[in-house]
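Chain by chain, the residues:
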Amino acid sequence: MYKIPEIIYFIVSLPALIFFLISTLCFTRISMKHIEKKMREEGIHEPLWDKGLGIRVSMYGKVIRRQKPVKATVVNDEAILRHARPIDLILARTMHYSFVIMMTLAVYGYFAYDLGNRAY
């Protein structure tokens, strides 16, 4: 297998990581803040089981990307879709794609450069 030089791998991976972090921050601060504010106005509160964990971030993103409610879910899909704006769909997709790119680069780095053994 051809391995790209390590410095090039890190030069590519660092912006991918930063882009994922920025896209996640934008999604939570713009989209989720707006959706949860509108849901609170309707009397629907965010899940109590997710105080401080942030698990609902990916769930909100999946619901917005899917654009249709699921029968059994832990978040209120209908309310999320009712209050989602077009920019929320763009932010959810950006967060998802940047996560996939970051994880692909992480898996490549783990196997190509044996980064797992450098963790200690």
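Residues numbered from 1 in each chain as written. Predicted model: local features only at pLDDT ≥ 70, side-chain atom pairs only at ≥ 80, totals over all residues. Heavy atoms only, no water.

Draft legend 1. A look at a nonpolar patch on the surface. Where nonpolar side chains cluster on the molecular surface, the patch consists of L14, L17, I18, L21 and I22 and spans about 440 Å² of accessible area. Within the secondary structure layout, I18 lies in helix α1 (residues 6–42). Residue class for I18 comes out partly exposed when judged on its relative accessible area of 42%. (Patch = residues over 30% accessible without salt bridge, like charges linked within 9 Å, V, L, I, M, F, W, Y side chains within 5 Å. Areas by Shrake-Rupley, 256 points an atom, 1.4 Å probe, with all protein chains shown as cover. Salt bridge = Lys/Arg side-chain N within 4 Å of Asp/Glu carboxyl O. Helix = DSSP H or I, 4+ residues; strand = E, 2+ residues; numbered from the N terminus. Buried < 20%, exposed > 50% of the residue type's maximum accessible area, 1.4 Å probe, protein only.)

Draft legend 2. Layout of the pattern of salt bridges. This structure, assessed with the given rule, holds six salt bridges. Linking E36 and R56 is a salt bridge whose minimum nitrogen-to-oxygen distance equals 2.6 Å. On the criterion of sequence distance, the pair formed by E36 in helix α1 and R56 in helix α2 (residues 55–66) is long-range, its members being 20 residues apart. Accessibility expressed as a relative area gives 8% for E36, which makes it buried.

Draft legend 3. Spotlight on the packing of α1 against helix α4 (residues 86–112). In the contact formed by α1 and α4, the axes pass within 8 Å of each other and the chain directions differ by 150°. Of the possible angle classes, the one that applies to α1 and α4 is roughly antiparallel. The way α1 lies across α4 gives a crossing that is left-handed. When the residues that make up the contact of α1 with α4 are grouped by side-chain class, the tally is 19 nonpolar, eight polar and one charged. (Axes fitted to C-alpha atoms, helices over the stretch in contact; angles between N-to-C directions. Parallel < 35°, antiparallel > 145°, perpendicular 65-115°, else oblique. Left-handed = near helix turned anticlockwise from the far one by under 90°. Nonpolar A, V, L, I, M, F, W, Y, C, P; charged D, E, K, R; others polar.)

Draft legend 4. Inspection of the environment of L105 at higher detail. One can find L105 in helix α4. Residues L105 and Y2 lie 103 residues apart in sequence; the distance between their C-alpha atoms is 15 Å. Leave out the neighbours within four places in its chain, and L105 touches Y9, V12, S13 and A16. (Contact = heavy atoms within 4.5 Å.)

Draft legend 5. Unusual backbone geometry, seen in detail. The phi dihedral of Q67 is positive, around 65°, even though this residue is not glycine. Within the secondary structure, Q67 is located in the loop between α2 and α3 (77–83).

Draft legend 6. Spotlight on the nonpolar core. Core analysis: the biggest nonpolar cluster contains 18 residues, and F27, I35, M39, Y60, I64 and I80 have the highest contact counts within it. Secondary structure elements with two or more residues in this core: α1, α2, α3 and α4. Core analysis: the second largest hydrophobic core is formed by five residues, A16, L105, A112 and Y113 among them. (Core = buried A, V, L, I, M, F, W, Y, C linked by side-chain atoms within 4.5 Å.)

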